[in-house]
Amino acid sequence: MKTDELIRALAEDAGTPRKSMPLRLGVALGLGGIVAVVLFAATLGLRPDLAAVAGAWRFQFKLATPIVSFLAAFWACLRLARPDGRPRDVLPALLVGPVLALAGAGAELALTPAASWLTRALGRYSGVCLVAIPSLSAVSLVAALAVLRAGAPRSPALAGAAAGLLAATLSAGIYATHCPDDSPLFFGLWYTTAIGTVVLAGGLAGGRALRW
Amino acid sequence: MRRVSDRDSDLAGLMRSALRGDERSYKRVLEALAPVVRGMVRSNLARFGTGLGEVEDIVQETLLAVHLKRDTWDERLPLLPWVRAIAHNKLVDNLRRRGRRVQLPIDDIAEAVADERVPEASGVDAARLLATLKVRQREIVTAISIEGASAAEVAARLGMTENAVRVSLHRSLQALARAFRDKS
């Protein structure tokens, strides 16, 4: 087949409907988020003392860090879904979460006596955290990857990892309203491990599913 | 001689109309991109000391990806860097399939000269991969690409609606892209 002949076929197909990636990704995560909230409500539920802790900075930190990371990851993910999306362009966005986590941990270390650090870091429900965040992420991750298949990522594994970060920060924000462990040291240890697992899963899945 | 950025903004303007469904502009963009991509592919394959037998296959695979992934182009940005990124990806895929370990710096292939030398060249793969399509799909693609028929003419000939022909054409192009990607 000559190239000019191929071009004729491509031109005849010019009218296929456009797809807005930001919109589709938003809808996918909206649906994934709804499923996660329903699952969350059925199993874990809000913490009973939510109203009492809502004003405390440790609680706010635990909720705000995933939300900010999610927004940054959303932008980064759209960028990485393009053939000309370079990893170094999105690196600052991907580092927002880790930097916040470190800053929170630093504040906690400065404010509390050394003797309490270990207890604060280990918390009471690390096991629940490690299971809940990945479980609540599953639907969002699959939905985000499905949308990203319409993209053309320069690095499929990296785009998949960013999708994992999106799904995980969404579910971490939801889980934070249940989790009774409020120390930023707990967040730095267990939330990041749970989120990291989902990022890894997204990277592995994306490396296969997002090739184009 | 015109500057590259002038030409890019011409092409980007055509591509913007194309994205709004203007087939004529779209054909002109693709025809203008083909020699640019060919130049890039040819000079890079030469640099790797590999044969030039697959140049046209890579050009066609790139154009197919440009087509199917055109929504990933940000209309506010120049067009050629985006096309180059796609060509880069397809070039690396092709070299890997041939068992070469490659790390092509993306900026390296930036300034290749457009190559108009082989406007009549054929891709071997596309013809072979066309054979993997369903019979009806192959009929439609062949009629439009090789015979130059329009979707409406093909519809009349095959007793289908024009819309059905267009849907089938689109699916065929997706299948063709998949076949390119998965060929061993």
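## What about the overall build of chain B?
Secondary structure assignment for chain B yields eight helices and zero strands. Starting at the N terminus and ending at the C terminus, chain B contains elements arranged as α-α-α-α-α-α-α-α. By residue count, 39% of the 184 residues in chain B fall in the buried class.

## Observations regarding the overall build of chain A
The secondary structure content of chain A amounts to nine helices and zero strands. Written out in order from the N terminus, the α and β elements of chain A read α-α-α-α-α-α-α-α-α. Here the C-alpha coordinates of chain A stretch approximately 75 × 35 × 25 Å along the principal axes. Residues counted as buried form 51% of the 212 residues belonging to chain A. Residue pairs in contact within chain A that sit at least 24 positions apart in sequence constitute 89% of those at least 6 positions apart.

## Examining the environment of Arg7 of chain B
Residue and element names in this part refer to chain B. Secondary-structure assignment places Arg7 in helix α1 (residues 4–19). Accessibility expressed as a C-beta count within 10 Å gives 15 for Arg7, which makes it partly exposed. Taking the C-alpha atoms as reference points, Arg7 and Leu158, 151 residues apart in sequence, are found 41 Å from one another.

## Looking at the interface of chain B and chain A
Taken residue by residue, the interface counts 41 residues in chain B and 27 residues in chain A. Counting only elements with at least two residues in the side of chain B that touches chain A, the list comes to α1, α2 (23–47), α3 (55–68), α4 (80–97), α5 (124–130), α6 (135–145) and α8 (162–182) of chain B. Among the residues forming the side of chain B that touches chain A, the class breakdown is 22 nonpolar, 11 polar and eight charged.

## As for helix α1 (residues 3–12) of chain A
In an α-helix, one turn spans 3.6 residues, which is why side chains three or four residues apart end up on the same side. Of all 10 residues in α1 of chain A, nine are buried; the element is thus mostly enclosed. Looking only at α1 of chain A, the buried set comprises Thr3, Glu5, Leu6, Ile7, Arg8, Ala9, Leu10, Ala11 and Glu12 of chain A. The elements touched by buried residues of α1 of chain A are α2, α3, α5, α6, α7 (151–158) and α8 of chain B.

## Some details on the packing of α6 of chain B against α8 of chain B
Residue and element names in this part refer to chain B. With their axes 9 Å apart at the nearest point, α6 and α8 run at an angle of 95 degrees to one another. In this view, α6 runs roughly perpendicular relative to α8, as classed from their interaxial angle. Of α8, the residues touching α6 (which contributes Arg136, Gln137, Ile140, Val141 and Ile144) are Val165, Ser168, Leu169, Arg171 and Ser172. A per-class count over the contact of α6 with α8 returns five nonpolar, three polar and two charged.

## Let's talk about α6 of chain B
Taken residue by residue, α6 of chain B has Ile140, Val141, Ala143, Ile144 and Ser145 of chain B as its buried positions. Considering only its buried residues, α6 of chain B is in contact with α1 of chain A together with α5, α7 and α8 of chain B.

## So, the packing of helix α4 (residues 57–80) of chain A against helix α5 (residues 87–111) of chain A
Helix-helix packing is characterised by the crossing angle of the two axes and by the distance between the axes. Residue and element names in this part refer to chain A. Two elements in contact, α4 and α5, have axes whose closest approach is 8 Å; the angle formed by their N-to-C orientations is 170 degrees. As judged from the angle between their axes, α4 and α5 are roughly antiparallel. Residues Phe61, Thr65, Val68, Ser69, Ala72, Ala73, Trp75, Ala76, Arg79 and Leu80 of α4 pack against Asp89, Val90, Ala93, Leu94, Val96, Gly97, Leu100, Ala101 and Gly104 of α5. Taken together, the residues that form the contact of α4 with α5 break down as 13 nonpolar, four polar and two charged.

## Re the nonpolar core
Within the largest apolar cluster, 112 residues are counted, with the highest numbers of intra-cluster contacts made by Cys77, Ala144, Ala162 and Leu166 of chain A together with Leu63 of chain B. A per-element tally of this core places helix α8 (residues 156–175) of chain A first, with 13 residues. Ignoring anything within four residues of it in the chain, the contact list for Leu63 of chain B reads Leu6, Ile7 and Leu10 of chain A together with Leu30, Leu33, Ala34 and Val37 of chain B.

## Concerning the confidence of the model for chain B
Residues and elements named next belong to chain B. Per-residue pLDDT for chain B has a mean of 85; in total, 85% of the residues score no lower than 70. When mean pLDDT is compared element by element in chain B, α3 scores highest at 94, while α5 scores lowest at 80. Reported confidences for the modelled complex are a pTM of 0.89 and an ipTM of 0.88.

## Quick notes on the environment of Asp49 of chain A
All names here are of chain A. Position of Asp49 relative to the elements: it lies in the loop between α2 (21–43) and α3 (50–53). Exposure remark for Asp49: the 10 C-beta atoms within 10 Å place this residue in the exposed category. Separated by 129 residues in the primary sequence, Asp49 and His178 place their C-alpha atoms 9.5 Å from one another.

Parameters and conventions
Per-chain numbering applies: the sequence of each chain, read as written, is numbered from 1 onward. Chains carry letters from A onward and ligands carry numbers from 1 onward, assigned in written order. Residues qualify for local features only when their pLDDT is at least 70, as the model is predicted, and side-chain atom pairs are given and counted only at 80 or more; totals for whole chains, interfaces and linings, by contrast, use all residues. A run of H or I in DSSP becomes a helix once it reaches four residues, and a run of E becomes a strand once it reaches two; helices and strands are each numbered from the N terminus. Exposure is read from a count of other C-beta atoms within 10 Å of each residue's own; the residue is exposed at 12 or fewer, buried at 20 or more and partly exposed in between. C-beta atoms are placed from the backbone. For the purpose of contact definition, each residue receives a C-beta atom placed from its backbone, and two residues are in contact when these atoms lie within 7 Å. Gly is put with the polar residues, along with every residue not named as nonpolar or charged; the nonpolar set is Ala, Val, Leu, Ile, Met, Phe, Trp, Tyr, Cys and Pro, and the charged set is Asp, Glu, Lys and Arg. Lines are fitted to the C-alpha atoms to define the axes, a helix being fitted only along its stretch in contact, and any angle between axes, read from their N-to-C directions, falls within 0 to 180 degrees. Roughly parallel here means an angle under 35 degrees, roughly antiparallel means over 145, roughly perpendicular means 65 to 115, and every remaining angle is called oblique. To define a nonpolar core, we join buried Ala, Val, Leu, Ile, Met, Phe, Trp, Tyr and Cys residues through C-beta atoms within 7 Å and take the resulting set. The pLDDT value tells you how sure the predictor is about a given residue, anywhere from 0 up to 100.

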